[in-house]
Structures are given as C-alpha cells and as structure tokens.
Amino acid sequence: QDNAINDALILENMIYQTLRRHFKKHPSYVQILELFIDTTFQTEVGQHIDTNGTPYADGTRAPLDLTRFTLDRYQGCVRYK
C-alpha cells in the first residue's frame, strides 16, 4: 500500500515535469499548469468524499451502511470526480 501511494505521487509529479518540458515557453503555460493543479485537487477531494462513504474497520472494509450514501454525498462525488 505504501508503494501505491508513492507511485501515485510520482505519476502526478511526472505530469508537471512533462508540462514544464513541453510548455514552459508557451504563453499559456501558467494557465495550463493551473488547470492541471485545479483538476488534481478536485479529483482528490472527490476521492476523499468517496472513500469516506465506505469506511474501513481494522484495516478491512466495514459492512455496507447505505445510510451513509446520501444525495449530497453523491453530488459531491460527481462534482469533484
């Protein structure tokens, strides 16, 4: 699991390295970079909302509790993911 987190961080950083390599001198570089930063943040917030809807107990998935799946939670996932 620790490797998966590290892999995700490396992949995310590779996006920014690639953007820098290919668009650093482009007039819209800052806007492109901000778009990727904002999109990454929104995706992470959506993932957080999603995973908080399926709690874990002692490292294993807890029994499904459908009362945690509300329309607000669903709309948050849809908005941010």
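A. Highlighting the overall build of the protein chain. Looking only at helices and strands, the protein chain features three helices and two strands. Ordering the α and β elements of the protein chain from the N terminus gives α-α-β-β-α. Looking at the protein chain as a whole, 14% of its 81 residues qualify as buried.

B. Spotlight on the side chain of Thr 40. The topology assignment puts Thr 40 in helix α2 (residues 29–52). Thr 40 sits in the buried class, given a relative accessible area of 17%. Look past the residues within four positions of Thr 40 in its chain and what remains in contact with it is Glu 12 and Tyr 16.

C. Seen up close, the environment of Val 30. Residue placement: Val 30 occurs in helix α2. Classification of Val 30 by relative accessible area gives partly exposed; the value is 48%. Taking the C-alpha atoms as reference points, Val 30 and Arg 20, separated by 10 residues in sequence, lie 9.9 Å from one another.

D. Structural view of the environment of Arg 79. Tracing the backbone shows Arg 79 in helix α3 (residues 71–80). On a C-alpha basis, the gap between Arg 79 and Gln 42 in space is 8.2 Å, while along the polypeptide they are 37 residues apart.

Each value, and the rule that gives it
Residues numbered from 1 in each chain as written. Predicted model: local features only at pLDDT ≥ 70, side-chain atom pairs only at ≥ 80, totals over all residues. Heavy atoms only, no water. Helix = DSSP H or I, 4+ residues; strand = E, 2+ residues; numbered from the N terminus. Buried < 20%, exposed > 50% of the residue type's maximum accessible area, 1.4 Å probe, protein only. Contact = heavy atoms within 4.5 Å.

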